[in-house]
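Each chain, written out:
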Amino acid sequence: MPEKNWQTDSGIAIKKVYTHQDLPTDDISMPGEFPYTRGVQADMYRGKLWTMRQYAGFSTAEESNKRYHYLLSQGVMGLSVAFDLPTQIGYDSDHELAEGEVGKVGVAIDSLDDMETLFKGIQLEQVSTSMTINATGFILLAFYVALAKKQGADLNKITGTIQNDILKEYAARGTYIYPPKPSMRIITDIFEWCSSHLPKWNTISISGYHIREAGSSAVQEIAFTLSNGKAYVKAAQAKGLDINVFGKRLSFFFNAHNNLFEEVAKFRAARKMWAKMMREMGATDEKALMLRFHTQTGGATLTAQQPLNNICRVTVQSLAAVLGGTQSLHTNGYDEALSLPTEEAARIALRTQQIIAFESGAPDTVDPLAGSYFVESLTNEVETKAWELVNKIDAMGGSVAAIEEGFMQDEIAKSAYAYQRAIESGDKIIVGVNKFTIDKESPIPGFKIDDHIRTIQSDKLAKLKANRDQVKAMACLTAITAAAKGTDNLMPLVISAVENNCTLGEIADCLRKVFGEHR
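Here the structure is a predicted model, which means the values were calculated and not measured. (Residues numbered from 1 in each chain as written. Predicted model: local features only at pLDDT ≥ 70, side-chain atom pairs only at ≥ 80, totals over all residues. Heavy atoms only, no water.)

Draft legend 1. Spatial organisation of the sheet that holds strand β3 (residues 128–132). Within the open sheet, the nine strands sit side by side as β5-β4-β3-β2-β1-β9-β8-β7-β6. Their pairing is parallel. Unpaired on one side and paired on the other, β5 (201–202) and β6 (204–207) mark the two borders of the sheet. Looking at chain direction, strand β1 (residues 51–56) and strand β2 (residues 78–82) are connected through four bridges and run parallel. Following the sheet pairing, Ala56 is matched in β2 by Val81. Sitting on the sheet, helix α1 (residues 61–73) touches β1 and β2, and the angle it makes with β2 is about 150°. Packed onto the sheet, helix α13 (residues 343–358) meets β1 and β9 (328–330) and runs at close to 170° relative to β1. (Pairing = 2+ DSSP bridges. Helix = DSSP H or I, 4+ residues; strand = E, 2+ residues; numbered from the N terminus. Contact = heavy atoms within 4.5 Å. Axes fitted to C-alpha atoms, helices over the stretch in contact; angles between N-to-C directions.)

Draft legend 2. Focus on a nonpolar patch on the surface. Where nonpolar side chains cluster on the molecular surface, the patch consists of Ile429, Val431 and Phe436 and spans about 270 Å² of accessible area. Taking relative accessible area as the criterion, Phe436 reaches 53% and is therefore assigned exposed. (Patch = residues over 30% accessible without salt bridge, like charges linked within 9 Å, V, L, I, M, F, W, Y side chains within 5 Å. Areas by Shrake-Rupley, 256 points an atom, 1.4 Å probe, with all protein chains shown as cover. Salt bridge = Lys/Arg side-chain N within 4 Å of Asp/Glu carboxyl O. Buried < 20%, exposed > 50% of the residue type's maximum accessible area, 1.4 Å probe, protein only.)

Draft legend 3. Up close: α13. For α13, built from 16 residues, the straight-helix expectation of 22 Å at 1.5 Å per residue is met to within 8% by its first-to-last C-alpha distance of 22 Å. For α13, the elements touching its buried residues are β1, α1, α12 (309–323) and β9. (Expected span 1.5 Å × (residues − 1).)

Draft legend 4. Just the packing of helix α8 (residues 218–238) against helix α16 (residues 407–425), in detail. At a minimum axis distance of 11 Å, the contact between α8 and α16 shows a crossing angle of 165°. For the element pair α8 / α16, the angle class is roughly antiparallel. In this structure, the crossing between α8 and α16 has a hand that is left-handed. For the pair α8 and α16, contact is made by Gln220, Phe224, Ser227 and Asn228 and by Phe407, Met408, Glu411, Ile412 and Ser415, respectively. Residue composition of the contact of α8 with α16, grouped by class: four nonpolar, four polar and one charged. (Parallel < 35°, antiparallel > 145°, perpendicular 65-115°, else oblique. Left-handed = near helix turned anticlockwise from the far one by under 90°. Nonpolar A, V, L, I, M, F, W, Y, C, P; charged D, E, K, R; others polar.)

Draft legend 5. A look at helix α6 (residues 180–197). For α6, with 18 residues, the first-to-last C-alpha span of 26 Å sits near the 26 Å given by 1.5 Å per residue. Summarising burial for α6: 13 of the 18 residues are buried, a large majority.

Draft legend 6. Expanded view of the packing of aromatic side chains. What the rule picks out here adds up to 17 aromatic pairs. Measuring from ring centre to ring centre gives 5.2 Å for Tyr144 and Trp201, while their planes differ by 50°; the resulting arrangement is tilted. Of the two residues, Tyr144 is situated in helix α4 (residues 137–150) and Trp201 in strand β5; the sequence distance between them amounts to 57 residues. A single burial state applies to Tyr144 and to Trp201, both of which are buried. Through a chain of ring-to-ring contacts, the aromatic side chains of Phe252, Phe254, Phe267, Trp274 and Phe293 assemble into a single cluster. Between Lys4 and the ring centre of Trp6, over which it is positioned, the NZ or CZ distance is 4.2 Å. Here the basic side chain of Arg279 rests over the ring of Phe34, its NZ or CZ set 3.6 Å away from the ring centre. (Phe/Tyr/Trp six-rings, centres within 6.5 Å; stacked < 30°, edge-to-face > 60°. Lys NZ or Arg CZ within 6 Å of the ring centre and 35° of its normal.)

Draft legend 7. Representation of the pairing of strand β8 (residues 293–297) within the structure. The buried count for β8 comes to five of five residues, which makes it a mostly enclosed element. Side chains Phe293, Thr295 and Thr297 project from β8 onto one buried face, and the interleaved His294 and Gln296 project onto a second face that is buried too. Of the pairings in the sheet, the one linking strand β7 (residues 250–256) to β8 comprises five bridges and is parallel in character. Within β8, the residue paired with Phe253 across the bridge is His294. Running through α12, the crossover from β8 to the neighbouring parallel element β9 is right-handed. (Right-handed = clockwise from strand over helix to strand, strands pointing away.)

Draft legend 8. Geometry of the pattern of salt bridges. If you walk through the whole model with that rule in mind, you get 30 salt bridges. One continuous salt-bridge network, built from bridges that share partners, spans Asp26, Lys272, Lys276 and Glu383.

Draft legend 9. Spatial organisation of the environment of Gly505. If you trace the backbone, Gly505 turns up in helix α20 (residues 504–515). Taking C-alpha positions, Gly505 is 34 Å from Ala416, a pair spaced 89 residues apart along the chain. Excluding its chain neighbours within four sequence positions, the residues that come into contact with Gly505 are Gly90 and Asp92.

Draft legend 10. The arrangement of the environment of Gly11 in detail. One can find Gly11 in the segment before β1. Sequence-wise, Gly11 and Ile403 are 392 residues apart; in three dimensions their C-alpha atoms are separated by 24 Å.

Draft legend 11. Fine view of the nonpolar core. With 142 residues, the main nonpolar core has Phe119, Met131, Phe138 and Ile507 as its most contacted residues. Contacts of Phe138, omitting those with residues within four sequence positions, involve Tyr178, Ile186, Ile190, Met491, Val494, Ile507 and Leu511. By size, the runner-up hydrophobic cluster in this structure holds six residues, among which are Ala98, Val102, Ala108 and Ile453. (Core = buried A, V, L, I, M, F, W, Y, C linked by side-chain atoms within 4.5 Å.)

Draft legend 12. Layout of unusual backbone geometry. For the bond from Phe34 to Pro35, the omega torsion is 0°, close enough to zero to count as cis. Mapping Pro35 onto the fold places it in the segment before β1. At Met44, a residue that is not glycine, the phi angle is positive and equals roughly 40°. Mapping Met44 onto the fold places it in the segment before β1.

Draft legend 13. Local environment of the environment of Ile429. Structurally, the position occupied by Ile429 is in the loop between α16 and α17 (453–467). For Ile429, a relative accessible area of 41% gives the class partly exposed. Among all residues touching Ile429, those that are not within four sequence positions of it are Asn434 and Lys435.

Draft legend 14. Structural view of the side chain of Ser130. Mapped onto the fold, Ser130 is located in strand β3. Once residues lying within four places of it in the same chain are set aside, the contact partners of Ser130 are Arg53, Leu79, Ser80, Val81 and Thr161.

Draft legend 15. Geometry of the side chain of Thr60. Counting through the fold element by element, Thr60 comes out in the loop between β1 and α1. Take Thr60: its relative accessible area is 7%, and that puts it in the buried class. Beyond its immediate chain neighbours, meaning those up to four positions away, Thr60 contacts Val107, Ile453, Ile456 and Gln457.

Draft legend 16. Quick peek at the state of the cysteines. Counted under the stated rule, the structure contains zero disulfides. Free of any disulfide, Cys502 has its nearest neighbouring cysteine sulfur in Cys476, separated by 5.0 Å. Using a relative accessible area of 0% as the deciding quantity, one classes Cys502 as buried. (Disulfide = S-S within 2.5 Å.)

Encoded structure:
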C-alpha cells in the first residue's frame, strides 16, 4: 500500500512532527500590535464576542422580515441579507429575465417600499446589517439610507456592511452588470460619500468567500482577495481619497473549510499580509492597517448525503474562524445542500456559535494556538505561498488586469478540478459521500418558496408607479444618466431617486445606457 501523501488542502506538505526549529525566525507579535498576526484587538473576545450573524433572505420582504424577528429573538446580534438574483443583477421582479428567479435564492427588493417592509419593526440604529450585494450595492445602500432617514435615525450611528466587491464577481461568481472601470468608479463614489455621511458603515467587504466556493485553495483565497483589496485601495487613492480615512472602513469576508489548522493559519497570515500591504501603500493610522473580517462556514463543503453530518462540519469550521480571530460569523444550516435553511436548521446553526462562545472556552484567551510549532510554521508557509501569487498578479498590472487576462479564473478552475479528482479517486475522503455511505437515507424536509412571488412583486411595482410623482421620478433618473456621463458622485442622486420611488431596475438601466454591460 503506497504511503499517504500528508498535505493540507492547499498542497502544503505536513511533517510528522514539528519542533521549535520550525518556528518562523521573526518574532511573534502581540495581539493588537502590527502586523496583527495574533488579532486586531489586544483583548479580542474578552472585550467583545464576535458578532453572531445569520444570513437570511427569501421570498418577499414580508416573509424575510418574519425570519429576522425570529433570529433576533434567538440571540442574533446582526442581520445578513440575502437578495434574489434579479435584485443582484439589476432587474425588477416584473422584468422578463426575472421569471423563475424572484425570491428564490434571496429576498426580492425592487423599491424603498420593499426595504421598509423588510425591516418593519426593526430600528436601524439598533442593529448592524450586512448586505450581500455587489453590482447593485449602491442602490441597496441608497434604499437603506433612505429608510434610516424615514425612521429619523442619526446616520452617524448607522452600522453595517455592503459587500460591494465587484472584482470577485468577474473572477468567480458572475453577478456583474457593468464593465470593470465604471464598476470601480461606482465603488469609489460609495467610499467617498460614506466617509462624509455614513462614517461607521463598512463600505466594502472584500470577499474571498465566493473565490473559495468556486474551488480555490485556502492560499488562493487570501492571495486573490488581498490583491483585489489592493486594487480598490489604489482606485480610491487615484480619486484623491485619504487611505487613513477610507482604509478604516474596509472589511473582508472569508470562507471557513474543514482543515482546521490550515484555516486558522490562513486567517492569521491574511492579517499579517494586509497590514504590510497597507503600510506599503501609505497607511499610517493603525486602524487602517487592520484586517477585520466576517466569516461564513463553507457552503461548498455541505453534503446532500447524510445532511446531519453537516452540523459537525459547521462546528469545525466555526471553531477555525474563532481560533483565527474573526470579527463576525455566519454558520450555515445543515440542510443548505438541499434547500434554503429551515427555521430549525437556522436555530441549530446559531446555537453552534453560542455553544462555542459560552461553553467551549475557545474565546477565553487571545489567539490560543499562537506558539504552536505546527500553526506558526503553517501560518508562515501559507503567507509565503500567498505572496508568490500576489507578486504574479502585481507583475501583470494588478487584479483588474489579471482578471481580464483570465489568470485568476484559470487558477481557480485548476484547483477545483484537482480537488474533485482527489474526491473521485478516493485520495480525499468526504464522509458519507465517497466513504462511510449508507444505502437508504431518511428524507429531510426542505424549505419551499411560493411560485406566485413574481406576481405579488409585479402587482406592487404597478401600484408604486401608478401612485408616484412621475415628473419627479423621471427627473431623478435623467439626473443619474447625466451624472454617469461626467464625474459627479452618483450616491446623492441615487438616494434622491429611491426617495422619489424610482425602482432598482430603473436606476440600474440608467447606468446600463451609459456604461454598457460586461460580457
